[in-house]
Amino acid sequence: ESTVVLKDAPGRDKVNACLACHSADYILMNSRFMDKAAWTASVNKMINAFGAPIDKADVDVIVSYLVQNYGVKD
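Just so you know, these numbers come straight off a predicted model, no measurement behind them.

**Focus: the overall build of the protein chain**
Okay, step 1: Looking only at helices and strands, the protein chain features four helices and zero strands.
Okay, step 2: For the protein chain, the sequential pattern of α-helices and β-strands runs α-α-α-α.
Okay, step 3: Each of the three principal axes of the protein chain carries a C-alpha extent, and together these read 30 × 30 × 20 Å.
Okay, step 4: Counting only residues that meet the buried cut, the protein chain has 35% of its 74 residues in that class.
Okay, step 5: For the protein chain, the share of sequence-separated contacts (at least 6 apart) that also reach a separation of at least 24 residues comes to 59%.
Okay, step 6: With the model as given, the accessible surface of the protein chain reaches about 4700 Å², and the carbon-plus-sulfur share is 54%.
Okay, step 7: Side chains of the protein chain give 8 positive and 9 negative charges; the mean places of these two sets differ by 4 Å.

**Structural notes on the side chain of Asn69**
Okay, step 1: Structurally, the position occupied by Asn69 is in helix 4 (residues 59–70).
Okay, step 2: Apart from residues lying up to four places away in sequence, Asn69 is in contact with Lys7 and Ala9.

**Considerations on helix 3 (residues 36–48)**
Okay, step 1: Compared with an ideal rise of 1.5 Å per residue, which puts 13 residues at 18 Å, helix 3 spans 18 Å between its outermost C-alpha atoms and is within 8% of the ideal.
Okay, step 2: Listed in full, the buried residues belonging to helix 3 are Trp39, Ser42, Val43, Met46 and Ile47. The buried residues of helix 3 occupy an angular sector of 135° when the element is viewed end-on, so they sit on one face. Opposite its buried face, helix 3 presents the exposed residues Ala37 and Asn48, each directed more than 90 degrees away.
Okay, step 3: Residues of helix 3 that are buried make contact with helix 2 (25–31) and helix 4.
Okay, step 4: Two or three places before Ala37, at the start of helix 3, stands the capping residue Asp35, its side-chain oxygen 3.3 Å from that residue's backbone nitrogen.

Conventions used here
Residues numbered from 1 in each chain as written. Predicted model: local features only at pLDDT ≥ 70, side-chain atom pairs only at ≥ 80, totals over all residues. Heavy atoms only, no water. Helix = DSSP H or I, 4+ residues; strand = E, 2+ residues; numbered from the N terminus. Buried < 20%, exposed > 50% of the residue type's maximum accessible area, 1.4 Å probe, protein only. Contact = heavy atoms within 4.5 Å. Areas by Shrake-Rupley, 256 points an atom, 1.4 Å probe, with all protein chains shown as cover. Lys, Arg positive; Asp, Glu negative; His and termini not counted. Charge placed at Lys NZ, Arg CZ, Asp CG, Glu CD. Expected span 1.5 Å × (residues − 1). Arc of directions from axis to C-beta. Polar contact = N/O pair within 3.5 Å; in protein donor to acceptor, adjacent residues only side chain to side chain.

What is shown is where atoms sit, not what they do.
Here it is in C-alpha cells:
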C-alpha cells in the first residue's frame, strides 16, 4: 500500500485515474528521469499499450501536472 500523497495542484484529479493501475510510488520513482516528452510518452503508453482508463482529452492535463510537480527541472 502506498503512503505517497500526490501534490495538491491543478490536474491531480485527472492523475488519480493513473492510480487505478499502479501506486503513486511509480510517479515518484520515475520522476527523477522524466521531462515533458517522457511523461507524454509514458501516459500515452499506459493508454495505448495497457488500456489505462484515461480519456485522450485528459492527456495534456495529466502531463502538465506531472511536469510541473514531478518533472525534471532544467
